[in-house]
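# Structure assessment
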Amino acid sequence: MTQEEYLKTHKQLIELMHQLTVDKQSDYCGTSSNPFYNVSRGERLGSYSTEVGLLTRINDKLARIESFVSKNKLSVVDEKVLDTCVDAANYILMLGIYLTNKEK
């Protein structure tokens, strides 16, 4: 892969990440205007913080990636390892946005 190919792929993945975020916000937030609605469920129930909810989802994605690296295959074939990486990146960005706005 050349640097040019890498940068083109990176841009495509950033665009995919954004579209997935738009779609998942619609699916997971329903009619709520709170972009963290789904991941703050534990906080609303008094079980765990929104930060822990996000870290748990990030950890789940990292565990799936680790499994792929060690076995070189995934049992759930309709979600590719790149899809999992994109989801993990989106959750990390979501955590960063949440923490930054929490400080305000």
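Just above, that's the structure.
Residues numbered from 1 in each chain as written. Predicted model: local features only at pLDDT ≥ 70, side-chain atom pairs only at ≥ 80, totals over all residues. Heavy atoms only, no water.

What follows covers the pattern of salt bridges. Evaluation of the coordinates by the stated rule reveals five salt bridges. Across the pair Asp87 and Lys24 runs a salt bridge whose closest N-O atoms are separated by 3.1 Å. In this pair, Asp87 is assigned in helix α4 (residues 81-102) and Lys24 in helix α1 (residues 3-29), connecting sequence segments 63 residues apart. Note on Asp87: relative accessible area 9%, which makes it buried. Lys24 gets classed as partly exposed once you look at its relative accessible area, which sits at 29%. (Salt bridge = Lys/Arg side-chain N within 4 Å of Asp/Glu carboxyl O. Helix = DSSP H or I, 4+ residues; strand = E, 2+ residues; numbered from the N terminus. Buried < 20%, exposed > 50% of the residue type's maximum accessible area, 1.4 Å probe, protein only.)

Listed in full, the eight residues of the largest apolar core are Phe36, Val39, Leu54, Ile58, Tyr91, Met94, Leu95 and Tyr98. Elements with a minimum of two residues in this core: α3 (50-71) and α4. With four residues, the top contributor of residues to this core is α4. (Core = buried A, V, L, I, M, F, W, Y, C linked by side-chain atoms within 4.5 Å.)

Time to look at the packing of α1 against α4. In the contact formed by α1 and α4, the axes pass within 10 Å of each other and the chain directions differ by 70°. Taken together, the axes of α1 and α4 lie roughly perpendicular to each other. Note on element contacts: α4 touches α1 through Leu82, Val86, Asp87, Ala89, Asn90, Leu93 and Met94, opposite Leu13, Leu16, Met17, Leu20, Thr21, Lys24 and Gln25. In terms of residue class, the contact of α1 with α4 is made up of nine nonpolar, three polar and two charged. (Axes fitted to C-alpha atoms, helices over the stretch in contact; angles between N-to-C directions. Parallel < 35°, antiparallel > 145°, perpendicular 65-115°, else oblique. Contact = heavy atoms within 4.5 Å. Nonpolar A, V, L, I, M, F, W, Y, C, P; charged D, E, K, R; others polar.)

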